[in-house]
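Residue-level structural notes
In case you want the letters, here they are:
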Amino acid sequence: MTIATNQAALNASALATRAIHAGQEPDPITGAVVTPIYMTSTFKQDGVGGLRGGYDYSRSANPTRNSFDAQLAAVEGANYALSFASGLAAIDVLLRATLQPGDNILLGNDVYGGTYRLLSKVFVPWGIGLDVVDITDVPAVAAALAAKDYRYVWVETPSNPLLNITDIAAVAAAAHAHGAKVVVDNTFASPVLQHPLADGADAVVYSTTKYIGGHSDVVGGAVVLNDKETRDAVAFLQNSAGAVPSPFDSWLDIRGLKTLELRVRQHSRNAMNIAQWMESRPEFERVWYPGLESHPGHEIAARQMRGGFGGMISVQLAGGFEAAKRFVGAAEIFTLAESLGGVESLIEHPGAMTHASVSGTTLEVPANLVRLSVGIEEADDLIADLDQALRRL
Ligand SMILES: *Cc1c(COP(=O)(O)O)cnc(C)c1O
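Residues numbered from 1 in each chain as written. Predicted model: local features only at pLDDT ≥ 70, side-chain atom pairs only at ≥ 80, totals over all residues. Heavy atoms only, no water.

**Considerations on the overall build of the protein**
A tally of regular secondary structure across the protein gives 14 helices and 12 strands. Once the C-alpha set of the protein is aligned to its principal axes, its extents read approximately 70 × 50 × 35 Å. By element, 55% of the accessible surface of the protein is carried by carbon and sulfur atoms, the whole surface being about 15,900 Å². Taken together, the 28 basic and 42 acidic charged side chains of the protein have centroids lying 4 Å from each other. (Helix = DSSP H or I, 4+ residues; strand = E, 2+ residues; numbered from the N terminus. Areas by Shrake-Rupley, 256 points an atom, 1.4 Å probe, with all protein chains shown as cover. Lys, Arg positive; Asp, Glu negative; His and termini not counted. Charge placed at Lys NZ, Arg CZ, Asp CG, Glu CD.)

**Examining the site of the ligand**
Lining the immediate environment of the ligand, one finds 14 residues, of which Gly-87, Asp-185, Ser-207, Thr-209 and Lys-210 sit closest. Asp-185 is positioned such that a nitrogen or oxygen atom in its side chain is 2.6 Å from a nitrogen atom of the ligand. Within the contact set of the ligand, an oxygen atom lies 2.8 Å away from a side-chain nitrogen or oxygen of Ser-207. Calculation on the ligand without its partners gives an accessible area of 380 Å², and the protein chains cover 93% of this total. Residue classes in the shell around the ligand are distributed as 4 nonpolar, 7 polar and 3 charged. (Near = heavy atom within 4 Å. Polar contact = N/O pair within 3.5 Å; in protein donor to acceptor, adjacent residues only side chain to side chain. Nonpolar A, V, L, I, M, F, W, Y, C, P; charged D, E, K, R; others polar.)

**Thoughts on the domain arrangement of the protein**
Considered domain by domain, the protein is made up of domain 1 (3-258) and domain 2 (260-391). Taking only C-alpha atoms, the centre of domain 1 and the centre of domain 2 are 26 Å apart. Contact with domain 1, which involves 41 residues of that partner, is made by 44 residues of domain 2. For the domain 1 and domain 2 pair, buried surface summed over both sides reaches about 3,300 Å², with 62% attributable to carbon and sulfur atoms. Three residues stand out in domain 1 for area buried against domain 2, namely Ile-165, Leu-193 and Tyr-211, and they jointly supply 23% of the buried area on that side. (Domains from an automatic or database assignment. Contact = heavy atoms within 4.5 Å. Buried area = accessible area lost by both parts, 1.4 Å probe.)

**Focus on unusual backbone geometry**
For the bond from Thr-157 to Pro-158, the omega torsion is -10°, close enough to zero to count as cis. Residue position: Pro-158 is located in the loop between β4 (152-156) and α7 (168-177). A cis amide bond, omega 10°, links Asn-160 with the succeeding residue Pro-161. Here Pro-161 is to be found in the loop between β4 and α7. At Ser-216, a residue that is not glycine, the phi angle is positive and equals roughly 55°. Taking relative accessible area as the criterion, Ser-216 reaches 42% and is therefore assigned partly exposed. Within the chain, Ser-339 stands out as a residue other than glycine whose phi angle is a positive 75°. On the basis of relative accessible area, Ser-339 is assigned to the partly exposed category, the value being 27%. (Buried < 20%, exposed > 50% of the residue type's maximum accessible area, 1.4 Å probe, protein only.)

**Quick look at a nonpolar patch on the surface**
Judged by side-chain polarity, Ile-37, Met-39 and Phe-248 come together as a nonpolar surface patch covering roughly 290 Å² of accessible area. You can call Met-39 exposed: its relative accessible area is 59%. (Patch = residues over 30% accessible without salt bridge, like charges linked within 9 Å, V, L, I, M, F, W, Y side chains within 5 Å. Salt bridge = Lys/Arg side-chain N within 4 Å of Asp/Glu carboxyl O.)

**A short note on the sheet that holds strand β3 (residues 129-133)**
Reading across from one edge, β1-β7-β6-β5-β4-β2-β3 is the order of the 7 strands in this open sheet, with mixed pairing throughout. Of all the strands in the sheet, just β1 (80-84) and β3 have a single pairing partner and so form its edges. The mean inter-strand angle of the sheet, taken between neighbouring strand axes irrespective of direction, is 20°. Direction of pairing for strand β5 (residues 181-185) relative to strand β6 (residues 203-207): parallel, over a ladder of 3 bridges. Bridging from a neighbouring strand, Val-184 pairs with Val-204 of β6. (Pairing = 2+ DSSP bridges. Axes fitted to C-alpha atoms, helices over the stretch in contact; angles between N-to-C directions.)

**Digging into helix α4 (residues 87-98)**
Its 12 residues place the ends of α4 17 Å apart at the C-alpha level, agreeing with the 16 Å of an ideal helix rising 1.5 Å per residue. Along α4, the residues that are buried comprise Gly-87, Ala-89, Ala-90, Ile-91, Asp-92, Val-93, Leu-94, Leu-95 and Thr-98. Sitting at the head of α4, Ser-86 places a side-chain oxygen 3.4 Å from the backbone nitrogen of Leu-88. (Expected span 1.5 Å × (residues − 1).)

**With respect to the pairing of strand β12 (residues 369-373)**
Burial within β12 is extensive, with 5 of its 5 residues counted as buried. With burial as the criterion, each face of β12 is covered, one bearing Leu-369, Arg-371 and Ser-373 and the other bearing Val-370 and Leu-372. Strand direction decides the pairing type here: strand β9 (residues 312-317) and β12, joined by 5 bridges, are antiparallel. Note that in β12 the partner of Ile-313 across the bridge is Leu-372.

**A closer look at the sheet that holds β9**
One open sheet holds the 5 strands; their spatial order is β8-β9-β12-β11-β10, and the pairing between them is mixed. Two strands close off the open sheet at either side, each with one partner strand: β8 (284-288) and β10 (335-336). Pairing of β8 with β9, which is carried by 4 bridges, proceeds in the antiparallel orientation. Paired with Arg-286 across the two strands is Gln-316, which belongs to β9.

**Describing the pattern of salt bridges**
Between side chains of opposite charge, pairing is possible as soon as their charged atoms come close. A full pass over the atoms with the stated rule returns 14 salt bridges. The residue Asp-131 makes a salt bridge to Lys-148 at a minimum N-O spacing of 2.7 Å. In this pair, Asp-131 is assigned in strand β3 and Lys-148 in the loop between α6 (138-147) and β4, connecting sequence segments 17 residues apart. A salt bridge links Arg-392 to Glu-332, with the nearest nitrogen and oxygen atoms 3.2 Å apart.

**Observations concerning the environment of Gly-308**
Looking at the secondary structure, you find Gly-308 in the loop between α12 (298-304) and β9. Counting along the chain gives 39 residues from Gly-308 to Arg-269, while the straight-line C-alpha distance between them is 7.3 Å. Excluding residues that lie within four positions of it along the chain, Gly-308 makes contacts with Leu-193 and Ser-268.

Shown next, in the form of C-alpha cells:
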C-alpha cells in the first residue's frame, strides 16, 4: 500500500481510528510509535536553506505540533488545524488575521467570559464594532444581519455557562445570505458530538485545555477550517505574533485526542444520569442540560449533536446565591475549581468565578447559578456526593 492509499483509507475511517492514527506515523528513524516531544527551538540546515522536512525554527513549525494539527484536522474532517498556546490565543489570531478596524462582529449573548473580555476590552478599542444578540433566536440574528454589515457571527453551542443551543445550520444560512462568516466555539461539544463545518460554519475554535486535552494538565487552543486563504492568514499571524504551544503541550494534546471519543461518551452518560436526578430534587429551581426534554434547545441539540449531549450541566439553586455558594463548597468529589472537560468532576460558581468579568454587562449570569463539569468517575458516586452536599445547604 502506498502512503497515499493509506491516507485515503484513514480519511475514510471512523473518528476513533482517525484520532489514534492521523498524523501519528511511527518515527522514521527509530520506529517510535508515539510522536516524540521535539523539544528543540531550532533545526540543523544542510547548507543554507537546506531544511529537513521544512523545519527551521519552532515558532514557525515543530514536528510535535504538526502531528497534533494533522490529527485534529483529520478528527474534524477539515483541511486545516492550527494549534495555539491557549484557546484565547487561537480566537485572537483568527480574528486579528482576518479583521480590520471598522469591521463588526455579532456575538451570542451567552459566551465564555474570556471571549467577551477579549472582544469588548481589546478588539473594541482597536476599532471593531461588537453587538450582542440572542443567538438562539434565528429571526433576531437575521434582523441584526439585515441592519448592519457583519464580518463574523460568533456562536457558542452549547454555550457557556447556560448551555443554550444554537441551530448552526440555520445561523450559517442567515449569515451567508448577508455575506457574514460564522465561527463556532465547539469547546463544549468537542469534535466527537458536533461538526460545525459540516453544518455550514466557516471556522471552528477550541480551547484544547478542556475536553481535547481532557486531563486538566495543559492549556491550549486551536483553529480548524477548510479555506486556504484564511488558513494562510492565520498561519502568518501565528508565526508573526508567536502564541504557539510548546512541543510538550502538543504532545499532551495528542495523547488526549486519542481517547477523546471514549471520554466524551462517558462524560455524556454521567451528565445525563446526574441531570435527570437533579430534576427530581426540589433544591434546584432549574436544571440546564440539553439532553433533558425540559431544555428549550433539546430538539435542536438532539438533531445537531451526535451520540450525547456533553458533560456540562448548569443548575440554579432555589435558595439563591447563598445556597449556590454553600453547595459548591460542600461537594467533595466535585472539586471547586474553574475550567472543565477533564476526567475529574469540577464545580464552580460562574457569577463569582469564570464569568466575573461579564458582571454588569448584558452577559451577566444569574447569581444562583452553579456550573458542573461532570467527569468520568462512577455516576453513582457523583450523585452521592451531590446528595450529601445538598443535605449540608
Ligand atoms: C476555556 C474556554 C475558552 C478559552 O480557552 P483558554 O484555553 O482558557 O484560553 C474559550 N471558549 C470556551 C467555550 C472555553 O470554555
